[in-house]
Amino acid sequence: MIYCLDNLNKDTISLKIEDIKDGALFRENTIVHILSYMDLDFKPVDNINLSDYEQSDTLVINGVLLGGLDLEEISKSVNVVVFTMDSYSARRKINDRCIFIDNVLDTRFKDSTDYYFNILSFYQYILYYKKGILDIFHNSKLFYRSKYFLTLNNSLKKSRLELYNFLDKNKLMDKGFCSFLGGGGMGNFPRKMNIDFDRCLIDDNYGISSPEAINFPFYFNSYFNIVTEATFRDGHEVGFSEKIWKPIIGLQPFFLVGDRQSLAVLKKFGFKTFSNWVDESYDELNFDERIGVIFNECKRLSNLDLSEINDWYWEMEDIFLYNFNHFEKFVEFQIENLEKVLCKN
């Protein structure tokens, strides 16, 4: 039996289960969404009572509820699976009966390529809306797009501040859909952006910066994506959050301002990139050189005539479609591995 300790009460959980069965989009990454989406039978619980469990049962815990829990003691009575949003600090080895599953895929952790749940939020678009997304994509051939690029940036990080300064200095802000919300340890961006946030909500729960949401009109009305990942390290570790999957589902080429060799890891996962159309040598360079190449390419493309950038974009159509379809297979692989963990007994 699978038990679920989530940060929701039982009544709310019951409503959300029915919501998901009706094909509603995820509005957040709760564990109940994940288990329901995977069509697994489970029993919600409000607390942990070890006498209720058999050794063969599995207790799934939302990582936000870990405070005060003795996982080593709990795992003596029941298999434990923790879904955590605190990917880089929370992953640790307790014992063979306690597994952490992250929302960020990080190559430092061997099993994170097998157990990675954030992409389930995006798989729903393909599951429910694949035909509609592709119909709109093909129909967009009939029109020029109004912006050259899209870049969505939330918390302030060094890489995002560098991008902001580059776009501002080169007067490129108006060439793209840009958001710089600020926040985090480095403070706030200047409030300069050209997306009206009051008018770009998919519904009351979905803002443009929502990790689980893809606001498709911005993707189908711009030509390339500048993705600023959560990390931008120069070592041998590579991490992917939800940010990289959005342009893949939105059928856009992308520049990846992230860890060194991020593109190489994507290729190992079976995705294709765009080296025949942009200079991707940045993937092997250190951070300062990496963003230098990326920014030069963004400037070059943003200075093309509209007809030129439009032709450039559609030359990559086969790659967009390949990545879109490969993403579906990639997620199915994740689902299969998650099911093995959750139903191993």
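Model, not experiment: these values are computed from the prediction.

Attention now moves to unusual backbone geometry. Even without a glycine there, the phi angle at lysine 171 is positive, about 55°. The phi dihedral of glutamine 261 falls on the positive side, at around 70°, and the residue is not glycine. Following the sequence through the fold, glutamine 261 ends up in the loop between strand E11 (254-257) and helix H9 (262-268).

It is worth spelling out a nonpolar patch on the surface at this point. The grouping of Leu127, Tyr128 and Tyr129 at the surface amounts to a nonpolar patch, some 280 Å² of accessible area in total. Here tyrosine 128 shows up in helix H5 (residues 120-139). Among the residues examined, tyrosine 128 registers a relative accessible area of 35% and is labelled partly exposed.

Attention now moves to the sheet that holds E11. Strands sit in the order E8-E7-E9-E11 across an open sheet of 4 strands; the sheet is parallel. Each edge of the open sheet is held by one strand with a lone partner, namely strand E8 (176-180) and E11. Within this sheet the neighbouring strands show an average axis-to-axis angle of 15°, counted without direction. Both strand E7 (residues 149-153) and E8 contribute to a ladder of 5 bridges, which runs parallel. From the neighbouring strand, phenylalanine 149 faces E8, where its bridge partner is glycine 176.

This next bit is on the pattern of salt bridges. Between side chains of opposite charge, pairing is possible as soon as their charged atoms come close. Taken as a whole and judged by the stated rule, the model has 9 salt bridges. Of the charged contacts, one joins lysine 141 and glutamate 317 as a salt bridge, the two residues approaching to 2.9 Å between their closest N and O atoms. Residue lysine 141 is found in the loop between H5 and E7, and its partner glutamate 317 is found in helix H12 (residues 317-342); the two are separated by 176 residues along the sequence. The partly exposed category is assigned to lysine 141, whose relative accessible area is 42%. For glutamate 317, a relative accessible area of 14% gives the class buried.

Here the focus is the packing of helix H6 (residues 158-169) against helix H10 (residues 287-302). When two helices pack together, their arrangement is given by the angle between their axes and by how far apart the axes lie. The N-to-C vectors of H6 and H10 enclose an angle of 35°; their axes lie 11 Å apart at closest approach. The hand of the H6/H10 crossing is right-handed. On the side of H6, the interface is formed by Lys158, Ser159, Glu162, Leu163 and Phe166, while H10 contributes Phe287, Asp288, Ile291, Phe295, Cys298 and Lys299. Residues belonging to the contact of H6 with H10 are distributed by class as follows: 6 nonpolar, 1 polar and 4 charged.

So, about the confidence of the model for the protein chain. Taken residue by residue, the protein chain gives an average pLDDT of 80. The fraction at 70 or more is 75%. Taken element by element, the predicted model of the protein chain shows its lowest mean pLDDT in helix H4 (residues 87-90) (46) and its highest in helix H11 (residues 306-314) (98). Note on residues 109-114: pLDDT under 50 across the span, and 16 contacts to partners over four residues away in sequence or across chains. Between residues 195-207, whose pLDDT stays under 50, and residues either more than four places distant or in other chains, the model counts 25 contacts.

Counting 86 residues, the largest nonpolar core has Phe224, Trp245, Leu251 and Phe327 as the members making the most contacts within it. Tallying contributions element by element places H12 first for this core, with 11 residues. Apart from residues lying up to four places away in sequence, leucine 251 is in contact with Ile133, Leu134, Phe137, Phe220, Tyr313, Phe320, Leu321 and Phe324. The next biggest cluster of nonpolar side chains, apart from the first, holds 14 residues, and it includes Ile61, Leu71, Val80 and Phe100.

A few words now on the packing of aromatic side chains. Across all of its chains, the model carries 24 aromatic pairs by this definition. Where phenylalanine 232 meets phenylalanine 287, the ring centres are 5.1 Å apart and the plane angle is 35°; that geometry is what we call tilted. Here phenylalanine 287 lies in helix H10 and phenylalanine 232 lies in the loop between strand E9 (224-228) and strand E10 (239-240), a separation of 55 residues in the sequence. A ring pair is formed by tyrosine 313 and tryptophan 314, whose centres lie 5.0 Å apart and whose planes are at 85°; its orientation type is edge-to-face. A residue is classified by how much of its surface remains accessible, and tyrosine 313, at 0% relative accessible area, is buried. Residue tryptophan 314 is classed as buried on the basis of its relative accessible area, which comes to 14%. Members of the aromatic cluster, connected to one another through ring pairs, are Phe137, Tyr223, Phe254, Phe274, Tyr313, Trp314 and Phe320.

In this section: H6. In this model H6 runs 16 Å from its N-terminal to its C-terminal C-alpha over 12 residues, within 8% of the 16 Å that 1.5 Å per residue would give. Three or more residues of H6 are buried, namely Ser159, Arg160, Leu163, Tyr164, Phe166 and Leu167. All buried residues of H6 lie within an arc of 165° about the axis, which places them on one face of the element. Lysine 171 occupies a position one or two residues after H6 and carries a positive phi of about 55°.

Let us look at the sheet that holds strand E1 (residues 2-5). Strands sit in the order E2-E1-E3-E4-E5 across an open sheet of 5 strands; the sheet is parallel. The open sheet has two free edges, formed respectively by strand E2 (43-44) and strand E5 (98-102), since each of these has just one partner strand. Bridge count between E1 and strand E3 (residues 58-62): 4 bridges; the pairing is parallel. Paired with cysteine 4 across the two strands is valine 60, which belongs to E3. On top of the sheet, H12 reaches E1, E3, strand E4 (79-84) and E5; it is set at about 140° to E4, its chief contact.

Definitions and limits used
Residues numbered from 1 in each chain as written. Predicted model: local features only at pLDDT ≥ 70, side-chain atom pairs only at ≥ 80, totals over all residues. Heavy atoms only, no water. Helix = DSSP H or I, 4+ residues; strand = E, 2+ residues; numbered from the N terminus. Patch = residues over 30% accessible without salt bridge, like charges linked within 9 Å, V, L, I, M, F, W, Y side chains within 5 Å. Areas by Shrake-Rupley, 256 points an atom, 1.4 Å probe, with all protein chains shown as cover. Salt bridge = Lys/Arg side-chain N within 4 Å of Asp/Glu carboxyl O. Buried < 20%, exposed > 50% of the residue type's maximum accessible area, 1.4 Å probe, protein only. Pairing = 2+ DSSP bridges. Axes fitted to C-alpha atoms, helices over the stretch in contact; angles between N-to-C directions. Left-handed = near helix turned anticlockwise from the far one by under 90°. Contact = heavy atoms within 4.5 Å. Nonpolar A, V, L, I, M, F, W, Y, C, P; charged D, E, K, R; others polar. pLDDT = per-residue confidence, 0-100. Core = buried A, V, L, I, M, F, W, Y, C linked by side-chain atoms within 4.5 Å. Phe/Tyr/Trp six-rings, centres within 6.5 Å; stacked < 30°, edge-to-face > 60°. Expected span 1.5 Å × (residues − 1). Arc of directions from axis to C-beta.

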